[in-house]
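# Analysis of the macromolecular model
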Amino acid sequence: MATWLETCAKQLTRLEKTSVLSDKLITLSNKTGVDISPEMLQKLENEHARLNRQLERLRANRFEVAVIGLEKAGKSALLNAWLGQEILPSARERCTFTSTEIWSAQTEQDQLLSIQYYSREEIATLQQQRQVALAGKLLSDKEKKEIQEDYNDTEKNLNAIYEFTKLKNGFKQSFLDIGEISDLLQSAIFKNRAQSLAIKRIQLKTVRLRSDRDIIFHDVPGFNSGILMHAEQAVDRLRNCDAIIYAKEMKQPSITGPEKEMLLVADAEDPSLRVSDKVFVVLTQADAMDDQIDFRDTLAKHKTFWPSVPERRLLPVCARSHLV
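Reading the values: the criteria
Residues numbered from 1 in each chain as written. Predicted model: local features only at pLDDT ≥ 70, side-chain atom pairs only at ≥ 80, totals over all residues. Heavy atoms only, no water. Phe/Tyr/Trp six-rings, centres within 6.5 Å; stacked < 30°, edge-to-face > 60°. Helix = DSSP H or I, 4+ residues; strand = E, 2+ residues; numbered from the N terminus. Lys NZ or Arg CZ within 6 Å of the ring centre and 35° of its normal. Axes fitted to C-alpha atoms, helices over the stretch in contact; angles between N-to-C directions. Parallel < 35°, antiparallel > 145°, perpendicular 65-115°, else oblique. Contact = heavy atoms within 4.5 Å. Nonpolar A, V, L, I, M, F, W, Y, C, P; charged D, E, K, R; others polar. Buried < 20%, exposed > 50% of the residue type's maximum accessible area, 1.4 Å probe, protein only. Arc of directions from axis to C-beta. Polar contact = N/O pair within 3.5 Å; in protein donor to acceptor, adjacent residues only side chain to side chain. Pairing = 2+ DSSP bridges.

Applying the stated criterion across every chain, the model contains three aromatic pairs. Aromatic side chains Tyr117 and Phe164 sit 5.2 Å apart centroid to centroid with 40° between the ring planes, which places their arrangement in the tilted category. One end of the pair, Tyr117, is in strand 3 (residues 112–117); the other, Phe164, is in helix 6 (residues 158–165), with 47 residues separating them in the sequence. Above the plane of the ring of Tyr162 lies Arg120, whose end atom (NZ or CZ) is 3.7 Å from the centre. Taking the ring centre of Trp103 as reference, the NZ or CZ of Lys205 above it sits at 5.6 Å.

Here we take up the packing of helix 4 (residues 120–135) against helix 9 (residues 228–239). Where helix 4 contacts helix 9, the axes come no closer than 8 Å and their chain directions differ by 110°. As the angle between them shows, helix 4 and helix 9 are arranged roughly perpendicular. Residues Glu122, Thr125, Leu126 and Gln129 of helix 4 form the contact with helix 9, whose participating residues are Leu228, Met229 and His230. For the contact of helix 4 with helix 9, the class distribution of residues is three nonpolar, three polar and one charged.

This brings us to helix 6. When helix 6 is considered as a whole, its buried residues turn out to be Leu158, Ile161, Tyr162, Phe164 and Thr165. What you see down the axis of helix 6 is that its buried residues fit within an arc of 155°, all on one side. The secondary structure elements touched by the buried residues of helix 6 are strand 3, helix 4, helix 5 (141–156) and helix 8 (193–198).

Positive phi, normally seen in glycine, also occurs at Gln285, with a value near 55°. Relative to the assigned elements, Gln285 resides in the loop between strand 8 (279–284) and helix 11 (292–305). Accessibility expressed as a relative area gives 35% for Gln285, which makes it partly exposed.

Mapped onto the elements of the fold, Arg62 is located in strand 1 (residues 62–68). Given a relative accessible area of 18%, Arg62 falls into the buried group. Here the side chain of Arg62 touches Glu64 through a polar contact of 3.0 Å, side chain to side chain. Those residues within four positions of Arg62 in sequence are excluded, and the remaining contacts are Glu56, Arg57, Trp103, Asp214, Ile216 and Asp242.

Our next topic: the sheet that holds strand 2 (residues 99–104). The strand order across the open sheet built from nine strands is 4-3-5-2-6-1-7-8-9, with neighbouring strands paired in mixed fashion. Edge positions in the sheet fall to strand 4 (171–174) and strand 9 (314–316), since each of these pairs with one other strand and no more. Strand-to-strand twist in this sheet, taken as the mean axis angle between neighbours without regard to direction, amounts to 15°. Relative to strand 9, strand 8 runs parallel, the two sharing three bridges. Bridged to Leu283 within strand 9 is Pro316. Along the sheet, helix 3 (residues 75–83) contacts strand 1, strand 2, strand 5 (199–206), strand 6 (214–219), strand 7 (243–249) and strand 8; its crossing angle with strand 6, the most-contacted strand, is approximately 150°. Docked against the sheet, helix 7 (residues 182–191) engages strand 3, strand 4 and strand 5, running at close to 170° with respect to strand 5.

This part is about the pairing of strand 3. As a general feature of sheets, a regular strand has side chains that alternate between the two faces. Burial analysis of strand 3 places five of its six residues in the buried class, the great majority of the element. Bridge analysis of strand 3 against strand 5 gives six bridges, and the strand direction is antiparallel. Of the residues in strand 5, the one forming a bridge with Tyr117 is Ile199.

A few words on the pairing of strand 7. Burial of strand 7 is extensive: six of the seven residues sit out of reach of the surface. When strand 1 meets strand 7, the two strands line up parallel, connected through four bridges. In the sheet register, Val65 faces strand 7, and the bridge partner there is Ala243. Here strand 7 runs beside strand 8; their pairing, made up of six bridges, is parallel. The residue bridging Ile244 from the neighbouring strand is Val279, located in strand 8.

Shown next as structure tokens:
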């Protein structure tokens, strides 16, 4: 069986040849536009853009994993268990920032925590989108309450938030042991409300994901957050992922509307590759089941929603128990 690197090398060669052909077709279409329908030309340009994105990832020797699921599904707890330490904010607390990325670092000296902040204009856009979400009827009372709290707290702390928006290069902190940044990260997210509302993206490079290639885990925010900017960023992450870890509460054996939307987005990037070919369904909080019979019956129900996913990729986990 070919190794991952051998497969990537072969695919890179194939795609580079295809890219040359694609460039020639686009050049030809520009010269003979009258003979090509607008629909065909648009399709060609879309495929060319998709091809270039795949080539970029292969040339960078990068493997990207999207960790998705509804809010409070246990995504961050799962990643904490993977890292072996409770670093990322988990479902016990509200996580207001948009995107968390965990990158593999080759050496301890490469380890870095980076925090990027929203611009002043993006803060204004977020507030407008919160108002739109609050005026709609798609969110639950609990979700609306949380968005209202974010809106009110943003208005209350607006001047302090603007101080963080001035930090165009964000904040960076090197470390040798991942535990060194735990208090710093928790403080930024929970103790300083203005800072937490200003955070757009957190990037953590650590040797705990060390590999012979770049591995990136994207903790994708829940699609049911009700905020358009969050949803757009989640869509971007899903379209560019090589694999999906789908976090689903063990006690919820069903697929909701927002979850179906997530899977459709992930399916749309590459027509030749289905979601079921690259997804790992992780059933979180499996230790919350009442007994063995309840566990087996619930697991069987989950399997009915994922008939095309191999059983070895349908995994009940106990992330918090693992950490303890």
